[in-house]
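# Close look at the chain arrangement
Residues per chain, in single letters:
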Amino acid sequence: MTDRTDILTERLIIKPAHRDMAEAVLKLHLENRHHFRLGSPASVLDRSDLEFWYKKLQLEEKKWNDETEYGLYGYHKETQQLICQIQISGIIRGVFQAALIGYKIDQQYEGQGLMREAMEAALKFAFDTLCLHRIMANYQPVNERSGTLLKRLGFTIEGYARDYLYLNGAWRDHILTALNNPGFNNKGLA
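To start, this report covers the structure provided alongside it. (Residues numbered from 1 in each chain as written. Predicted model: local features only at pLDDT ≥ 70, side-chain atom pairs only at ≥ 80, totals over all residues. Heavy atoms only, no water.)

Here we take up the nonpolar core. Within soluble globular proteins, side chains that are nonpolar tend to cluster in buried spots. If you look at the biggest cluster of nonpolar residues, it comprises 36 residues, and the most contacted ones within it are I88, I101, I135 and F155. Of all the secondary structure elements, the ones that give two or more residues to this core are β2 (12-16), β3 (70-76), β4 (82-92), β5 (98-105), α5 (114-129), β6 (134-139), α6 (144-152) and β8 (170-180). It is α5 that provides the largest number of residues to this core, a total of 10 residues. For I101, the contacting residues outside a window of four places in its chain are I86, Q87, I88, M119, A122, L123, I135, M136, A137 and F155. In this structure, M21, F52, W53 and L57 belong to the second largest nonpolar core, which totals 15 residues. (Core = buried A, V, L, I, M, F, W, Y, C linked by side-chain atoms within 4.5 Å. Buried < 20%, exposed > 50% of the residue type's maximum accessible area, 1.4 Å probe, protein only. Helix = DSSP H or I, 4+ residues; strand = E, 2+ residues; numbered from the N terminus. Contact = heavy atoms within 4.5 Å.)

Written as structure tokens, this is what we have:
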């Protein structure tokens, strides 16, 4: 089982998903409902009941223990406030050794380099701890901030997918990007 140790960065404490975070996660989503609407489905954003978030985080804990998905939650060291979320999901092992990464940050903390700091830590975790070779991240063309972040992190554009995800009543195009682990050890792969 993958260790559930907190990841410390200069300004953040990044914690593995845990059901006890339900109130903080609910607050993050309620306060950023409009901001998160661009990349999150309404079926999640419109949930304001604590029990929903408790069960969702409980499922994330199970997925962590099953090593199929990793939910990471970033708390600001100074304020102790939950400000960002990162999901490493869609993990495929075998000859692929890859996963998808998704992320969101509280709107009031945008533009301060905190999402980049959190993503750098999450990518290190994905490459060094999970031993993945490839991380893929996709974003909507209108989300220029996300595109800039991924470029700064070293992701390269690999394609354009029309009608990629159905979000908030419409199919949305996405730009497809990926980052390969330069230190990947091919031992054990055929």
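Moving on, we get to the pairing of β3. The element β3 is largely enclosed, with a buried count of seven among its seven residues. Burial of the side chains of β3 extends over both faces: Y70, L72, G74 and H76 are buried on one face and G71, Y73 and Y75 on the other. Pairing analysis gives five bridges linking β2 to β3, with the strands arranged antiparallel. Across the sheet, the residue bridging to P16 is L72, located in β3. Following β3, the chain reverses through five residues before pairing antiparallel with β4; Q80 in that reversal takes a positive phi of roughly 65 degrees. (Pairing = 2+ DSSP bridges.)

We now examine the layout of surface pockets. Taken as a whole, the largest pocket spans an internal volume of roughly 1400 Å³. Along its surface, the largest pocket is lined by 43 residues, and G39, G102, Y103, K104 and S146 are the ones closest to its centre. When residues of the lining of the largest pocket are traced back to their parent elements, those giving at least two are α2 (33-36), α4 (50-65), β4, β5, α5, β6, α6 and β7 (156-167). The element contributing the most residues to the lining of the largest pocket is β5, with six residues. When grouped by side-chain class, the residues that make up the lining of the largest pocket number 18 nonpolar, 17 polar and eight charged. (1 Å grid on protein atoms, 1.4 Å probe; cavity = no way out; pocket = protein on both sides within 12 Å on 5 of 7 lines; lining within 4 Å. Points joined across faces, edges and corners; volume = space filled by probe spheres on them. Nonpolar A, V, L, I, M, F, W, Y, C, P; charged D, E, K, R; others polar.)

The next subject is the environment of E120. Looking at the element boundaries, E120 is found in helix α5. As a C-alpha pair, E120 and T156 span 36 residues in sequence and 16 Å in three-dimensional space.

A few words on α4. End to end, α4 covers 23 Å across 16 residues, agreeing with the expected 22 Å (1.5 Å per residue, within 8%). Of the residues making up α4, those classed as buried are F52, W53, L57, E60, E61 and W64. Within two residues after α4, E67 carries a phi angle of roughly 60 degrees, on the positive side. (Expected span 1.5 Å × (residues − 1).)

A contiguous nonpolar surface patch, about 220 Å² in accessible area, is contributed by L100, Y164 and L165. Position of L165 among the secondary structure elements: in strand β7. (Patch = residues over 30% accessible without salt bridge, like charges linked within 9 Å, V, L, I, M, F, W, Y side chains within 5 Å. Areas by Shrake-Rupley, 256 points an atom, 1.4 Å probe, with all protein chains shown as cover. Salt bridge = Lys/Arg side-chain N within 4 Å of Asp/Glu carboxyl O.)

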